[in-house]
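The chain contents come next:
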Amino acid sequence: MWGGRFAEGPSAIMREINASIPFDKALWRQDIAASKAHVAMLGTQGIVAPADAATIAAGLDRVAAEYEANGVPEDWDLEDIHMTTESRLAELIGPVAGRLHTARSRNDQVATDFRLWVRDAIDQADAGLAALQRALVERAGEHAASIMPGFTHLQTAQPVTLGHHLMAYYEMAARDRSRFAAARARMNRCPLGSAALAGTGFPIDRHATATALGFDGPTANSLDAVSDRDFALDYLMAASQCALHLSRLAEEFIIWASQPFGFVRLPDSLSTGSSIMPQKKNPDAAELVRGHAGRIVGCLTALMITMKGLPLAYSKDMQDDKPPVFEAAGLLTLCLAAMTGMVEATTFRTERMRAAAELGYATATDLADWLVRQANIPFREAHHITGAAVKLAEGKGVALDQLSLDELRGIDARIDERVYAALSVEASVAARASHGGTAPAEVDKRVAEARAALGLD
């Protein structure tokens, strides 16, 4: 490729460190598409004879068919997917293949191919998140009134509904989708035609190639176009945040599946057993999702460090941009599929959830609120009175609503029999009817809104 400048070929070490074909062969579909758009433009502009452009396009189709059938060959002497494709094209159609690289460089070629790949990865992530949202909404609708303990500091706090809890993850997924959408909109400019770094003297039509490849238009600065990897970092940032959300959901399923909680029975298809303990059913899929979040964040960190301090325009460091993105995308796809399957197929043991809500004095805040509303007591005083009631109930080993009226009045004479209507877990969740609250009626509203947004109705 560059033998005219060098008297000797590369050493074995240089050959090995320089070759990227083992990983950038993943870009072959994007490379073929961008090359076809480029040669079509060259033909239209009269830069390449129309007959030659047609021959090159047909040859690229033949190369693509070979890749589809047999995979991309790895010849390290050809370095990367771009030279691998051009070399095979020359074998198929002869010297005319050399006209394909007119008015472009591998710098703008790889920037274009990589953007196309990342754009596809964003679309795949969005589809995976939409599937997760559908699963969450369906199960939330089933359990809009199923009572469970809500936690802070992993201590029982107030009763909530399972539907409300699941819809919290729907909201996280919605934010993830918005981050991916914003990244896609920002990166949807075409670098092709920027050439090595300064543009080209040929009368190319960059708007035509941008349109042919589904971009909103060409990039505005050739130096920036070939050196920009913000789009890859944007993808990894969105993927990292999404992975953090998935790890939180995974951790909840892991906790809920443990014997002390017993809130769920995980599907056999997403669990494993033990080689020595026959009773074990391990939440390995959820644990791997939790672990993969660290790897995805690591991919973001790796590319950020690679890009730190690089001068304009292209530097070979940037060859290392693709492995972390490819790795993160593969992991994220697996994690989304695993958690979607888990949400869909898990059995929720709502009787255990409700019992846990009753045992944890989760309605203590409701007693304090009742004192504020019915006895006109300042909240801080009501908080103190309620703490005394919890201490008494805990000492007797009973729930708050199992304390007698005399026992409650012994703590504060302003308490009367009406308090019992506020102390059940059902009354507690029903009272939380503010917008976005856990009341079943509110959960039903949020589920209906989500179903409409997802096109489920």
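Quantities reported herein were computed from a predicted structural model and do not represent experimental measurements.

Draft legend 1. Fine view of the pattern of salt bridges. On inspection of all chains with the given rule, the structure shows 33 salt bridges. The partner of E142 in a salt bridge is R139, and the shortest N-O contact between them spans 3.0 Å. With E142 and R139 both in helix 6 (residues 106-142) and three residues apart, this pair spans about one turn of that helix. On the accessibility criterion, R139 (10% relative accessible area) is buried. As a salt-bridge pair, R418 and D416 come within 2.9 Å of each other at their nearest N and O atoms. Exposure remark for D416: the relative accessible area of 16% places this residue in the buried category. Each of E442, K445, R446 and E449 takes part in a single network of salt bridges with overlapping partners.

Draft legend 2. Geometry of the packing of helix 3 (residues 28-44) against helix 4 (residues 50-70). Two elements in contact, helix 3 and helix 4, have axes whose closest approach is 9 Å; the angle formed by their N-to-C orientations is 170 degrees. Between helix 3 and helix 4, the angle falls in the class roughly antiparallel. Judged by residue contacts, W28, R29, I32, S35, K36, V39 and G43 of helix 3 engage P50, A53, I56, A57, L60, D61, V63, A64, Y67 and E68 from helix 4. Per-class residue counts for the contact of helix 3 with helix 4 are 11 nonpolar, two polar and four charged.

Draft legend 3. The arrangement of the environment of G455 in detail. Residue position: G455 is located in the segment after helix 19 (440-454). For G455, a relative accessible area of 60% puts it in the exposed group. Spatially, the C-alpha atoms of G455 and R134 are 9.5 Å apart, while their sequence positions differ by 321 residues.

Draft legend 4. Quick peek at empty space enclosed by the protein. Inspection of the entire model under this criterion finds one cavity of 30 Å³ or more. Estimates place the volume of the largest cavity at around 50 Å³. Around the largest cavity sit L129, L132, L136, Y169, M172, A173, D176, C242, H245, L246 and L249, which together line it. Broken down by secondary-structure element, the contributors of at least two residues to the lining of the largest cavity are helix 6, helix 7 (162-187) and helix 10 (230-257). In terms of residue class, the lining of the largest cavity is made up of nine nonpolar, one polar and one charged.

Draft legend 5. Representation of the nonpolar core. Counting 97 residues, the largest nonpolar core has V118, F180, Y235, L246, V325 and L332 as the members making the most contacts within it. Among the elements that make up this core, the one with the highest residue count is helix 10 (16 residues). Those residues in contact with F180, other than ones at most four positions away along the chain, are I122, A125, L129, Y235, A238, A239, C242 and L332.

Draft legend 6. Representation of unusual backbone geometry. A cis amide bond links L312 to the next residue, A313, at an omega of 10 degrees. Position of A313 among the secondary structure elements: in the loop between helix 11 (284-307) and helix 12 (322-345). The phi dihedral of E79 falls on the positive side, at around 70 degrees, and the residue is not glycine. Here E79 shows up in the loop between helix 4 and helix 5 (81-93). Residue class for E79 comes out buried when judged on its relative accessible area of 7%.

Cut-off values and rules
Residues numbered from 1 in each chain as written. Predicted model: local features only at pLDDT ≥ 70, side-chain atom pairs only at ≥ 80, totals over all residues. Heavy atoms only, no water. Salt bridge = Lys/Arg side-chain N within 4 Å of Asp/Glu carboxyl O. Helix = DSSP H or I, 4+ residues; strand = E, 2+ residues; numbered from the N terminus. Buried < 20%, exposed > 50% of the residue type's maximum accessible area, 1.4 Å probe, protein only. Axes fitted to C-alpha atoms, helices over the stretch in contact; angles between N-to-C directions. Parallel < 35°, antiparallel > 145°, perpendicular 65-115°, else oblique. Contact = heavy atoms within 4.5 Å. Nonpolar A, V, L, I, M, F, W, Y, C, P; charged D, E, K, R; others polar. 1 Å grid on protein atoms, 1.4 Å probe; cavity = no way out; pocket = protein on both sides within 12 Å on 5 of 7 lines; lining within 4 Å. Points joined across faces, edges and corners; volume = space filled by probe spheres on them. Core = buried A, V, L, I, M, F, W, Y, C linked by side-chain atoms within 4.5 Å.

Remember that the coordinates give geometry; whether it matters functionally is a separate question.
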